[in-house]
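Analysis of the macromolecular model
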Amino acid sequence: MGLDNMERGISLFAGAIAMILAAVVSPHLFKNTLVTDTVKHVKGKACPAGYHLVVSLCEKTHLTHPSAWLPQFLEILIVGLFIIFFALRRKRAGVAVCGLLLGLALGSVGLPFLFVGGWLVIRAFRLQKYGDASFSGSSRRARELGQARKEGRAPATRRTRGAKGATATKSAPVPAPSKRYTPKKPTRRG
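Below, the structure is looked at part by part. Worth saying up front: this structure is predicted, and the values here are computed from it rather than measured. (Residues numbered from 1 in each chain as written. Predicted model: local features only at pLDDT ≥ 70, side-chain atom pairs only at ≥ 80, totals over all residues. Heavy atoms only, no water.)

1. Some words on the nonpolar core
Soluble globular proteins tend to bury their nonpolar side chains together. Counting 20 residues, the largest nonpolar core has Ile 76, Ile 83, Val 95, Leu 102, Phe 113 and Leu 120 as the members making the most contacts within it. Secondary-structure elements contributing two or more residues to this core are helix 1 (5–25), helix 2 (66–88), helix 3 (92–106) and helix 4 (111–130). Take this core: its biggest share by element is six residues, from helix 2. If sequence neighbours within four positions are ignored, Leu 120 has contacts with Leu 3, Glu 7, Ser 11, Arg 92, Val 95 and Ala 96. (Core = buried A, V, L, I, M, F, W, Y, C linked by side-chain atoms within 4.5 Å. Buried < 20%, exposed > 50% of the residue type's maximum accessible area, 1.4 Å probe, protein only. Helix = DSSP H or I, 4+ residues; strand = E, 2+ residues; numbered from the N terminus. Contact = heavy atoms within 4.5 Å.)

Put into structure tokens, the structure is as follows:
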């Protein structure tokens, strides 16, 4: 099953956020940039070498070359484009993997991507196991299966529409016995 409309919209929104992040990083590709690193100040101790105390943090400013920003920019841009591509093609696995990869690569900024990827994985699991990706639908189906197990009966099968609109139940075909692998039945003595 592909992405439904809600999942597709959220995936396209995540891809748009990735494009915005790439646009935020892109000015660093054209000129040298000053970057400030901060370290927490420990009371009674001096700041590490090269750092100076500002309020309660130790700060150090250094110059970065545009080539230092290029890998992060390309990663955000390419993975964001893949998220959009897979969302347009309604491929749940592609969006989930790209979202998780981008989320892990970006750290705390990537938490929304981790959320989207994990959410899609959970919905895929529910869809596969219960036939419904929504929380309420999968809960209802799980209760039905549990009740059927408790009563010792087979759970109700899903009904599907046939070619002419008639309903049919899904059941696994029974394989024919194999001469090679099926053991012989014992003969009755008596």
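Following the structure, the description resumes.
2. Considerations on the sheet that holds strand 3 (residues 57–64)
With antiparallel pairing, the three strands of this open sheet are ordered in space as 1-3-2. Taken across any chain shown, the strands that pair with only one partner, and hence form the sheet edges, are strand 1 (33–40) and strand 2 (52–54). The average undirected angle you get between the axes of adjacent strands in this sheet is 45°. Pairing of strand 2 with strand 3, which is carried by three bridges, proceeds in the antiparallel orientation. By the bridge assignment for strand 3, Val 54 is matched with Leu 57. (Pairing = 2+ DSSP bridges. Axes fitted to C-alpha atoms, helices over the stretch in contact; angles between N-to-C directions.)

3. A short note on helix 3
End to end, helix 3 covers 21 Å across 15 residues, agreeing with the expected 21 Å (1.5 Å per residue, within 8%). Buried residues along helix 3 sit in contact with helix 1, helix 2 and helix 4. Among the residues trailing helix 3, Gly 107 stands out with phi positive, at a value near 75°. (Expected span 1.5 Å × (residues − 1).)

4. What to know about the packing of helix 1 against helix 2
Where helix 1 contacts helix 2, the axes come no closer than 8 Å and their chain directions differ by 160°. With respect to helix 2, the element helix 1 is oriented roughly antiparallel. In the crossing of helix 1 with helix 2, the sense of the turn from one axis to the other is left-handed. Each of Arg 8, Ser 11, Leu 12, Gly 15, Ala 16, Ala 18, Met 19, Leu 21, Ala 22 and Val 25 in helix 1 lies in contact with helix 2, whose residues at this interface are Trp 69, Phe 73, Ile 76, Leu 77, Gly 80, Leu 81, Ile 83, Ile 84, Ala 87 and Leu 88. (Parallel < 35°, antiparallel > 145°, perpendicular 65-115°, else oblique. Left-handed = near helix turned anticlockwise from the far one by under 90°.)

5. Looking at the packing of aromatic side chains
Tallied over the full model, the rule gives two aromatic pairs. Judged by centre distance (6.0 Å) and plane angle (20°), the ring pair of Phe 82 and Phe 86 falls under stacked. Of this pair, Phe 82 and Phe 86 both sit in helix 2, separated by four residues, roughly a single helical turn. Phe 86 gets classed as partly exposed once you look at its relative accessible area, which sits at 21%. (Phe/Tyr/Trp six-rings, centres within 6.5 Å; stacked < 30°, edge-to-face > 60°.)

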